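These are the residues of each chain, in order.
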Amino acid sequence: IAGITQAPTSQILAAGRRMTLRCTQDMRHNAMYWYRQDLGLGLRLIHYSNTAGTTGKGEVPDGYSVSRANTDDFPLTLASAVPSQTSVYFCASSEASGANVLTFGAGSRLTVL
Amino acid sequence: AQSVAQPEDQVNVAEGNPLTVKCTYSVSGNPYLFWYVQYPNRGLQFLLKYITGDNLVKGSYGFEAEFNKSQTSFHLKKPSALVSDSALYFCAVRERSGGYNKLIFGAGTRLAVHP
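*Asks:* Whenever I open this one, the pattern of salt bridges confuses me. Can you help?
*Replies:* Close approach of charged atoms allows side chains with opposite charge to pair. All names here are of chain B. Summed over the entire model, instances satisfying the criterion amount to seven salt bridges over all chains. We note a salt bridge from Lys78 to Asp85, for which the minimum N-O separation is 2.8 Å. Residue Lys78 is classed as buried on the basis of its relative accessible area, which comes to 8%. Close ionic contact of Glu95 with Lys102 constitutes a salt bridge, the shortest N to O distance being 3.6 Å. Each member of the pair Glu95 and Lys102 is classed as buried.

Below you can see the structure in the form of structure tokens.
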């Protein structure tokens, strides 16, 4: 089934550790996004990529980095995790960079202690 | 900056009754508006969008939304609610900022449909 695969599904992490959340899509979508979902705040954009080889900062990029080496993969890295990064992280993609209709992954729940 | 507001944290409806989930927007220019639904432990799923044309937009699972420019609203509706409609609903608006397009999401409204 075409879609987005995120891993891990859930992770508990000690503060200060490095963590990479993986995201892979098989729809050949050009644009990809990382959002975090926090209660009462909805979804906030962390980083985006309009096409392979390019990335950009969203609303809340601090403490996160991304790379887009190819069309399919868009990993999100926390270099040194802090408790405020406890959240549910969603990867999404869209056919073009217009961000009209997004397809979302099932999410990665991250707890930083 | 563009924004959307969902004034209700939760909406409770009896099965078979009509439902409305409210959304108001604040944009400069013509709005691109969206509704997404999130079922437990799942990612968001696209329901419908308004870009231009008919103010009444029909989407997935029998949902529709009415774009009202004078009231700056884009409420989600369904004539007859199902228990399986219970989920978290997000309104969103597209914004162009810093050379890229992004979706700005509301805080979400939890819909509970009771048998």
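Continuing now.
*Asks:* Just to check I follow, could you spell out the sheet that holds strand 3 (residues 19-25) of chain A for this structure?
*Replies:* Either a parallel or an antiparallel arrangement is found when strands of a sheet pair, and the pairing is made through backbone hydrogen bonds. Residues and elements named next belong to chain A. Taken in spatial order, the four strands make up an open sheet running 1-3-8-7, and their pairing is antiparallel. Each edge of the open sheet carries a strand with a single partner, namely strand 1 (4-7) and strand 7 (64-66). Direction aside, the axes of adjacent strands within the sheet are offset by 15° on average. Bridging between strand 3 and strand 8 (residues 76-78) involves three bridges; their strand directions are antiparallel. Within the sheet, the bridge partner assigned to Leu21 lies in strand 8 and is Leu76.

*Asks:* How do you make sense of unusual backbone geometry when you look at a structure like this?
*Replies:* With glycine set apart, most residues show a phi of negative sign, and most peptide bonds adopt trans. In this chain, Ala7 of chain A is followed by Pro8 of chain A through a cis amide linkage whose omega measures -5°. The topology assignment puts Pro8 of chain A in the loop between strand 1 and strand 2 (10-13). In this structure, Asn41 of chain B is a non-glycine residue whose phi angle is positive, near 60°. Relative to the helices and strands, Asn41 of chain B resides in the loop between strand 5 (33-38) and strand 6 (44-50). Residue classification places Asn41 of chain B among the exposed residues on the basis of a relative accessible area of 70%. Located in the positive-phi region is Tyr61 of chain B, a residue other than glycine, with phi close to 60°. Position of Tyr61 of chain B relative to the elements: it lies in the loop between strand 7 (56-58) and strand 8 (64-68). Taking the relative accessible area as the measure of exposure, Tyr61 of chain B reaches 48% and is therefore partly exposed.

*Asks:* Before we go on, may I ask you to explain the state of the cysteines in this structure?
*Replies:* Among covalent bonds in proteins, the disulfide is the one between the sulfur atoms of two cysteines. All names here are of chain A. Taken as a whole and assessed by the stated rule, the structure comprises two disulfides over all chains. Across a sulfur-sulfur distance of 1.9 Å, Cys23 and Cys91 are joined as a disulfide pair. On the sign convention where negative means left-handed, the S-S torsion of about -70° between Cys23 and Cys91 marks this disulfide as left-handed. Within this pair, whereas Cys23 is found in strand 3, its partner Cys91 is found in strand 9 (residues 87-94), the two being separated by 68 residues in sequence.

*Asks:* Mind showing me how you'd approach the layout of surface pockets here?
*Replies:* Rolling a probe over the atoms, with the probe sized like a water molecule, indicates the empty space that remains. Estimated volume of the largest pocket: approximately 560 Å³. Considering the residues around the largest pocket, the lining is formed by 24 residues, among which Gln37 and Arg109 of chain A together with Gln38, Leu88 and Arg110 of chain B are closest to the centre. Considering only residue class, the lining of the largest pocket consists of nine nonpolar, 10 polar and five charged. The calculated volume of the second largest pocket comes to roughly 280 Å³. In terms of lining, the second largest pocket is formed by 14 residues, of which the most central are Thr103 and Phe104 of chain A together with Arg42, Leu44 and Gln45 of chain B. Where the lining of the second largest pocket is concerned, the elements lending two or more residues are strand 10 (103-104) of chain A together with strand 6 of chain B. Ranked by the residues each element gives to the lining of the second largest pocket, the list is headed by strand 6 of chain B, at three residues. Of the residues that constitute the lining of the second largest pocket, the class distribution is eight nonpolar, five polar and one charged.

*Asks:* Looking at this structure, how should I read the nonpolar core?
*Replies:* Note that soluble globular proteins tend to have their nonpolar side chains buried in a common cluster. By size, the foremost hydrophobic cluster in this structure holds 28 residues, and its most contacted members are Trp35, Leu47, Leu48, Phe74, Leu76 and Tyr89 of chain B. If you list the elements that add at least two residues to this core, you get strand 2 (10-14), strand 3 (19-21), strand 5, strand 6, strand 8, strand 9 (73-78), strand 10 (87-97) and strand 12 (109-114) of chain B. Ranked by residues supplied to this core, first place goes to strand 10 of chain B with four residues. Residues Leu102 of chain A together with Tyr36, Phe90 and Leu103 of chain B belong to the second largest nonpolar core, which totals 20 residues.

*Asks:* So what exactly am I meant to see when it comes to the interface of chain A and chain B here?
*Replies:* Interface extent is often summarised as the accessible area lost during association of the parts. The partner chain B presents 23 residues to the 23 residues of chain A that form the contact. Approximately 1,700 Å² of surface area, both sides summed, lies buried where chain A meets chain B, with 55% of it carried by carbon and sulfur atoms. Three residues, Leu43, Asn100 and Phe104 of chain A, lead the burial of chain A against chain B; their summed loss comes to 27% of the area buried on that side. At the junction of chain A with chain B, the criterion picks out zero salt bridges. Counting across the chain A and chain B interface gives three residue pairs in polar contact (both at pLDDT 80 or more). Those elements that provide at least two residues to the side of chain A that touches chain B are strand 4 (31-38) and strand 5 (42-49) of chain A. Per-element tally for the side of chain A that touches chain B: the top contributor is strand 5 of chain A, with four residues.

The rules we used
- Residues numbered from 1 in each chain as written.
- Chains lettered and ligands numbered in written order.
- Predicted model: local features only at pLDDT ≥ 70, side-chain atom pairs only at ≥ 80, totals over all residues.
- Heavy atoms only, no water.
- Salt bridge = Lys/Arg side-chain N within 4 Å of Asp/Glu carboxyl O.
- Buried < 20%, exposed > 50% of the residue type's maximum accessible area, 1.4 Å probe, protein only.
- Pairing = 2+ DSSP bridges.
- Helix = DSSP H or I, 4+ residues; strand = E, 2+ residues; numbered from the N terminus.
- Axes fitted to C-alpha atoms, helices over the stretch in contact; angles between N-to-C directions.
- Disulfide = S-S within 2.5 Å.
- 1 Å grid on protein atoms, 1.4 Å probe; cavity = no way out; pocket = protein on both sides within 12 Å on 5 of 7 lines; lining within 4 Å.
- Points joined across faces, edges and corners; volume = space filled by probe spheres on them.
- Nonpolar A, V, L, I, M, F, W, Y, C, P; charged D, E, K, R; others polar.
- Core = buried A, V, L, I, M, F, W, Y, C linked by side-chain atoms within 4.5 Å.
- Contact = heavy atoms within 4.5 Å.
- Buried area = accessible area lost by both parts, 1.4 Å probe.
- Polar contact = N/O pair within 3.5 Å; in protein donor to acceptor, adjacent residues only side chain to side chain.

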